[in-house]
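# Coordinates in review
Below are the chains, spelled out letter by letter.
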Protein chains: 2
Amino acid sequence: MKKYKIAIVGATGAVGREMLRCIFQFNFPFESIKLLASARSAGKIIEFENKKFTVEELTEDSFKGIDVAFWSAGGSISEKYVPFAVKAGCINIDNTSHFRMDPNVPLVVPEVNGEALRNHKGIIANPNCTTIQMVSALNRLNEYFDIERIIVSTYQAVSGAGVAGMEELYRQSQEVLEGKEPVAKTLPCASDKKHFPIAFNCIPQVDKFDLDNHFSKEEMKMVNETKKIFNKDIKVNATCVRVPVLRGHSESVYIETKKPIDIDKVFELLNNSTGVELYDDLENQIYPMANLFVGDELVHVGRVRKDLDNPNGLSLWVVADQLMKGAAYNSVDIGLKMIEMGLI
Amino acid sequence: MKKYKIAIVGATGAVGREMLRCIFQFNFPFESIKLLASARSAGKIIEFENKKFTVEELTEDSFKGIDVAFWSAGGSISEKYVPFAVKAGCINIDNTSHFRMDPNVPLVVPEVNGEALRNHKGIIANPNCTTIQMVSALNRLNEYFDIERIIVSTYQAVSGAGVAGMEELYRQSQEVLEGKEPVAKTLPCASDKKHFPIAFNCIPQVDKFDLDNHFSKEEMKMVNETKKIFNKDIKVNATCVRVPVLRGHSESVYIETKKPIDIDKVFELLNNSTGVELYDDLENQIYPMANLFVGDELVHVGRVRKDLDNPNGLSLWVVADQLMKGAAYNSVDIGLKMIEMGLI
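Residues numbered from 1 in each chain as written. Chains lettered and ligands numbered in written order. Predicted model: local features only at pLDDT ≥ 70, side-chain atom pairs only at ≥ 80, totals over all residues. Heavy atoms only, no water.

### A look at the side chain of B:Asp321
Residue and element names in this part refer to chain B. Mapping Asp321 onto the fold places it in the loop between strand S14 (313-320) and helix H8 (324-340). Given a relative accessible area of 1%, Asp321 falls into the buried group. Of the polar contacts made by the side chain of Asp321, one reaches the backbone nitrogen of Leu323; its length is 2.9 Å. Apart from the residues within four sequence positions on either side, Asp321 is in contact with Arg247, Gly248, Phe293, Val294, Gly295, Asp296 and Gly326. (Helix = DSSP H or I, 4+ residues; strand = E, 2+ residues; numbered from the N terminus. Buried < 20%, exposed > 50% of the residue type's maximum accessible area, 1.4 Å probe, protein only. Polar contact = N/O pair within 3.5 Å; in protein donor to acceptor, adjacent residues only side chain to side chain. Contact = heavy atoms within 4.5 Å.)

### Comments concerning the packing of aromatic side chains
What characterises a pair of aromatic rings is the spacing of the ring centres plus the angle enclosed by the ring planes. Inspection of the entire model under this criterion finds 27 aromatic pairs over all chains. Between the aromatic rings of A:Tyr287 and B:Phe209, the centroid separation amounts to 6.0 Å while the plane-to-plane angle is 65°, which identifies the pairing as edge-to-face. Taken together, the positions of A:Tyr287 in the loop between strand S12 (276-278) and strand S13 (299-306) and B:Phe209 in the loop between helix H5 (162-177) and helix H6 (217-230) put the pair across two chains. There is no split in this pair, since A:Tyr287 and B:Phe209 are both buried. (Phe/Tyr/Trp six-rings, centres within 6.5 Å; stacked < 30°, edge-to-face > 60°.)

### A short note on the relation of the copies chain A and chain B
Between the two copies, chain A and chain B, the superposition gives an RMSD of 0.0 Å; the rotation angle is 180° and the shift along the axis is 0.0 Å. Taken together, these values place the two copies in the relation of a two-fold axis. A share of 100% of interface residues in chain A that are also interface residues in chain B marks the association as one of identical surfaces. (Least-squares fit on C-alpha atoms with pLDDT ≥ 70 in both.)

### Topic: the sheet that holds strand S11 (residues 249-257) of chain B
Residue and element names in this part refer to chain B. Strand order in this open sheet of 6 strands is S10-S9-S11-S14-S13-S12, and the pairing throughout is mixed. In this open sheet, the two strands that pair with only one neighbour each are strand S10 (235-239) and strand S12 (276-278). Ignoring strand direction, the axes of neighbouring strands in this sheet form an average angle of 25°. Pairing geometry for S12 and strand S13 (residues 299-306), over 3 bridges, is parallel. Within S13, the position partnered with Val276 by the bridge is Val299. Its contacts with the sheet place H6 against strand S9 (147-155), S10 and S11, and it is angled at close to 155° to S10. Packed onto the sheet, helix H7 (residues 263-271) meets S12, S13 and S14 and runs at close to 175° relative to S13. (Pairing = 2+ DSSP bridges. Axes fitted to C-alpha atoms, helices over the stretch in contact; angles between N-to-C directions.)

### Describing the pattern of salt bridges
Enumeration according to the criterion identifies 40 salt bridges over all chains in this entry. Between A:Asp207 and A:Lys221 there is a salt bridge, with the nearest N and O atoms lying 3.6 Å from each other. Of this pair, A:Asp207 sits in the loop between helix H5 (162-177) and helix H6 (217-230) while A:Lys221 sits in helix H6; the two residues are 14 residues apart in sequence, bridging distant segments of the chain. Put simply, B:Asp321 and B:Arg247 hold a salt bridge, and the shortest N to O gap is 2.8 Å. Of this pair, B:Asp321 sits in the loop between S14 and H8 while B:Arg247 sits in the loop between S10 and S11, placing them 74 residues apart in sequence. For the pair B:Asp321 and B:Arg247, a shared accessibility class is recorded, and that class is buried. Each member of the salt-bridge network shares a partner with another, and the members are A:Glu18, A:Arg21, A:Arg247 and A:Asp321. (Salt bridge = Lys/Arg side-chain N within 4 Å of Asp/Glu carboxyl O.)

### Some points on the packing of helix H1 (residues 14-25) of chain B against H8(B)
All names here are of chain B. In contact at an axis separation of 8 Å, H1 and H8 are set at 50° when each is read in the N-to-C sense. Taken together, H1 and H8 sit at an angle that is classed as oblique. Crossing of H1 over H8 shows right-handed handedness. Where H1 abuts H8, its residues Val15, Glu18, Met19, Arg21, Cys22, Ile23 and Gln25 lie against Met324, Ala327, Ala328, Tyr329, Ser331 and Val332. Classifying every residue of the contact of H1 with H8 by side-chain character gives 9 nonpolar, 2 polar and 2 charged. (Parallel < 35°, antiparallel > 145°, perpendicular 65-115°, else oblique. Left-handed = near helix turned anticlockwise from the far one by under 90°. Nonpolar A, V, L, I, M, F, W, Y, C, P; charged D, E, K, R; others polar.)

### A few points about the UniProt feature "binding site: NADP(+)" (unreviewed entry) in chain A
All names here are of chain A. Those residues carrying the UniProt feature "binding site: NADP(+)" (unreviewed entry) are Thr12, Gly13, Ala14, Val15, Arg40, Ser41, Ser159, Gly160 and Gln322 in this numbering. A stretch of 311 residues holds the annotated residues, and the largest C-alpha distance among them is 26.3 Å, long enough that they do not meet in one place. Among all residues touching Thr12, those that are not within four sequence positions of it are Arg17, Ala37, Ser41, Lys44, Ile46 and Val55. On the secondary structure map, Arg40 appears in the loop between strand S2 (30-37) and strand S3 (45-48). You can call Arg40 exposed: its relative accessible area is 75%. (UniProt positions renumbered as here; feature names shortened; annotations may be inferred.)

### Considering the UniProt feature "domain: Semialdehyde dehydrogenase NAD-binding" (unreviewed entry) in chain A
With numbering matched to this structure, UniProt assigns "domain: Semialdehyde dehydrogenase NAD-binding" (unreviewed entry) to residues 5-120 of chain A. Helix and strand shares over residues 5-120 of chain A are 25% and 27% respectively, and the end C-alpha atoms of the span are 19 Å apart.

### Topic: the domain arrangement of chain A
All names here are of chain A. Along its sequence, chain A is carved into domain 1 (4-127 + 327-340) and domain 2 (131-322). Summarising the inter-unit geometry, the C-alpha centres of domain 1 and domain 2 are found 25 Å apart. Each side of the interface is counted separately: domain 1 has 20 residues, and domain 2 has 18 residues. Between domain 1 and domain 2 the total buried area reaches about 1600 Å² when both faces are included, carbon and sulfur atoms providing 62% of it. A per-residue breakdown of the area domain 1 buries against domain 2 is headed by Met101, Glu111 and Val112, which together make up 32% of the total. Across the contact surface, domain 1 and domain 2 share 2 salt bridges. Arg100 is the salt-bridge partner of Glu225, the closest N and O atoms lying 3.1 Å from each other. (Domains from an automatic or database assignment. Buried area = accessible area lost by both parts, 1.4 Å probe.)

### A short note on the interface of chain A and chain B
Opposite the 67 residues of chain A that make contact, chain B presents 67 residues. Carbon and sulfur atoms supply 58% of the area that chain A and chain B bury against each other, a total of about 5800 Å² over both sides. Taken together, chain A and chain B are joined by 8 salt bridges. Residues A:Arg149 and B:Glu256 are paired through a salt bridge, measuring 2.5 Å at the closest nitrogen-oxygen approach. Only strand S9 (147-155), H5, H6, strand S10 (235-239), strand S11 (249-257), S13 and strand S14 (313-320) of chain A provide two or more residues apiece to the side of chain A that touches chain B. With 6 residues, the single largest contributor to the side of chain A that touches chain B is H5(A).

Following this line, the structure appears as structure tokens:
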């Protein structure tokens, strides 16, 4: 089997570290791994599986001889440096939002629309974490029942805001327990004007708002990316909320389908969906929860039930570790799928 | 103005204490206040506004001469003792679920369906906390746009599980911060078989499940109570989730209306809804959050926006202190409304 020279851009971040772990855990066939980051992190040593990796500075020339690069260093970094990597002949799997809606860039969840990979022109976009777990859970249901609309409310962990988000939740929790005022510096959105405590609170803002339509960018990602991945004009209404959970996004998903819901068929489809674990046994209080699946690559689905007032309505509760299925694992899985399809 | 002899049943609980506070804060005209609880709490002294109250044991004879009793000691206590209070001529405002769906008992949110109070036969039921804040927020929108269906996902504070729920969240948070395994004893539901940590987690179970339809009792309360309060066959689909928040429920509410949504009219109606505060200015990141409104009696509404794919769809984010508007304040407000209507 061919082995590849790979690079991870943004290797010191929360997702970059998981990318390195996924490459080992899911046996991505590598000959070498180059870890790239900003000049500030260059020279840092990252140890993994008894190997030492020295972080190098990302430059325009970093991609000579690299076969595949995984990107998670922010949209502006991808915007600036991916074109150099493409020119160098490297295939780029980008976890930032920058290329996602570009009509020339496939936006891929392998088990949902892996075939779209055939149209790649050197760049493949990894969807937003909230979108990935939702479309993965709904894929077989969409094929069979033809989903016409989705109404989703999210319960998103602070790790979506990186290491700083996790540190903020820990610190604020300690402050509240000590009877102090929690200090907010990062959440809901580092680049927005105001910050609010997330400890013992829910913040109905993830990313900045579009002041024209009053949806947040995160909500619009779910709307637009779902249409692109399912390749149909599906109606999507999203409300994205940050909750005081460290890692793992939960989603309350309601779908309305063209065909009436047959609940036995729903369970059969979910039991046979690639990448999905049906975790639903109410008599034994079995349903997915964020704290059960840290570091796990699957999408977990429970609380599956028919709408009592609508024969075409179905509710589901969908949980995944967004750093894994929502980012690092899906990116690495795109690479594995491309090898399987003979595209790299 | 007439002054009333009142009683609070369940006076030592989280809601009972707020009832006492609301009676003072909202000037309920009382001549005397009798605090009732189980034999275990009898003799306890509760101090409030420089007055000392001695808790008495609840018995069948507790209601002689009492004009109005506020109940929040659990459904089985209301079931057993309310009939004795009715016989004694006392008017009973019951915060438990026991009488809510009884066709002979008005289920009331004063600003929504206060007129239903005229049909009372000695008992008035206070709706479930999650229902109250939702129907209060939606009332004027329903009058004008005619709501046909509601899809709601909740973010419920642990105080819904009483003082034990709050203590559990505090203790578990400390355990996690110290690197220990959090111990779960109460949540998601004290009377169910298994308990799960709520600290840094979301639990998609509030109350026990109906194994026939796979909805939880809490979800079915929202479904059935909303139909009764709005007095129409409105479609309601609810997903109820416990989150690591101490006090204050948040709700992601999606409505579909018969009349198309006119967003300016929506804002005008919400700005003129009794008991509702419109808290929505995205440019300045103003939206309701649970931690802003502890001890506050209003229902706060923000993130109001039209569905981009459906001219008859609207999203809202609704936050209230469920011990206040969701329980104690709404109960006391029912009493005040009955005085105003000449019913007591």
